[in-house]
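Next come the chains, spelled out residue by residue.
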Amino acid sequence: MARKILMIEDDLTLSESFTKTMKDAGYDMHVANDGETGFRQAEELRPDLILLDLVLPKKHGFKVMEDLKNNPELRSIPVVVLTNLETPHDIERASTLGAKAYLVKANYSLSEIRRKVEEILANQ
């Protein structure tokens, strides 16, 4: 059975491109375009990994991470932050909330993001 990945991302171009990349690699991809929907989908889908933007409509990515961490049934899902925020404070906060990786969008290609996701899934 294909591994399930939930991408919570409001940039439709990025989410569509990454979804195609991951589906082509055999993954079961799901996308939410805002934080509230993303958290609900995490509850329903129980994905193997969440790829999470931080600046999102309706619920900020840090709030999504806090809600995941506070839910005993969801806290073990690995979260990869994929964002344009790159201050040391944001990176430290994501790490404190349990992010497995912190990727700045401008610094990674889709294939590099895919490799990072695959590496994390392989180590679960």
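Reading the values: rules and limits
- Residues numbered from 1 in each chain as written.
- Predicted model: local features only at pLDDT ≥ 70, side-chain atom pairs only at ≥ 80, totals over all residues.
- Heavy atoms only, no water.
- Helix = DSSP H or I, 4+ residues; strand = E, 2+ residues; numbered from the N terminus.
- Rg over C-alpha atoms; globule rule 2.2 N^0.38 Å.
- Buried < 20%, exposed > 50% of the residue type's maximum accessible area, 1.4 Å probe, protein only.
- Contact = heavy atoms within 4.5 Å.
- Areas by Shrake-Rupley, 256 points an atom, 1.4 Å probe, with all protein chains shown as cover.
- Pairing = 2+ DSSP bridges.
- Axes fitted to C-alpha atoms, helices over the stretch in contact; angles between N-to-C directions.
- Core = buried A, V, L, I, M, F, W, Y, C linked by side-chain atoms within 4.5 Å.
- Arc of directions from axis to C-beta.
- Polar contact = N/O pair within 3.5 Å; in protein donor to acceptor, adjacent residues only side chain to side chain.

Participant: Got a minute to help me understand the overall build of the protein in this structure?
Facilitator: Secondary structure assignment for the protein yields five helices and five strands. Helices (α) and strands (β) of the protein occur, in sequence order from the N terminus, as β-α-β-α-β-α-β-α-β-α. Against the globule reference of 14 Å for 124 residues, the protein gives a C-alpha radius of gyration of 13 Å, in line with a compact fold. For the protein, the spread of C-alpha atoms along the principal axes amounts to about 35 × 30 × 30 Å. Expressed as a percentage of the 124 residues in the protein, the buried residues total 46%. Sequence separation of at least 24 residues holds for 64% of the intrachain contacts in the protein that already meet a minimum separation of 6. With the model as given, the accessible surface of the protein reaches about 6,400 Å², and the carbon-plus-sulfur share is 47%.

Participant: Explain the sheet that holds strand 5 (residues 101-104) to me, please; I cannot follow it from the model alone.
Facilitator: The strands making up a sheet associate through backbone hydrogen bonding, with each pair oriented either parallel or antiparallel. In space, the five strands of this open sheet follow the order 2-1-3-4-5, with parallel pairing throughout. The open sheet has two edge strands with one neighbour each: strand 2 (28-32) and strand 5. The mean angle between the axes of side-by-side strands here comes to 20°, regardless of whether they run parallel or antiparallel. Where strand 4 (residues 79-83) and strand 5 come together, four bridges link them in parallel fashion.

Participant: Help me understand the nonpolar core in this model?
Facilitator: Soluble globular proteins: nonpolar side chains tend toward being buried together. The biggest cluster of nonpolar side chains holds 22 residues, and the ones touching the most others in it are Ile 8, Ile 50, Leu 52, Met 65, Leu 68, Val 79 and Val 81. The set of elements that each furnish at least two residues to this core consists of strand 1 (4-8), helix 2 (35-45), strand 3 (49-52), helix 3 (61-69), strand 4 and strand 5. Sort the elements by how many residues they give to this core and helix 3 lands first, with four residues. In contact with Ile 8, not counting residues within four places along its chain, are Ala 32, Asp 34, Gly 35, Gly 38, Phe 39, Ile 50, Leu 51, Leu 52, Asp 53, Leu 56 and Val 64. Grouped together as the second largest cluster of nonpolar side chains are 17 residues, Ile 5, Met 7, Tyr 27 and Leu 82 included.

Participant: I tried to follow helix 2 on my own but got confused; where do I start?
Facilitator: Because an α-helix completes one turn every 3.6 residues, residues spaced three or four positions apart along the sequence face the same direction. Those residues of helix 2 not exposed but buried are Gly 35, Gly 38, Phe 39, Gln 41 and Ala 42. The arc that holds every buried residue of helix 2, seen down its axis, measures 160°, which confines them to one face. Taking the backbone nitrogen of Glu 36 as reference, a side-chain oxygen 3.0 Å away marks Asp 34 as the first, capping residue of helix 2. In the stretch just after helix 2, Arg 46 is the one whose phi turns positive, near 50°.

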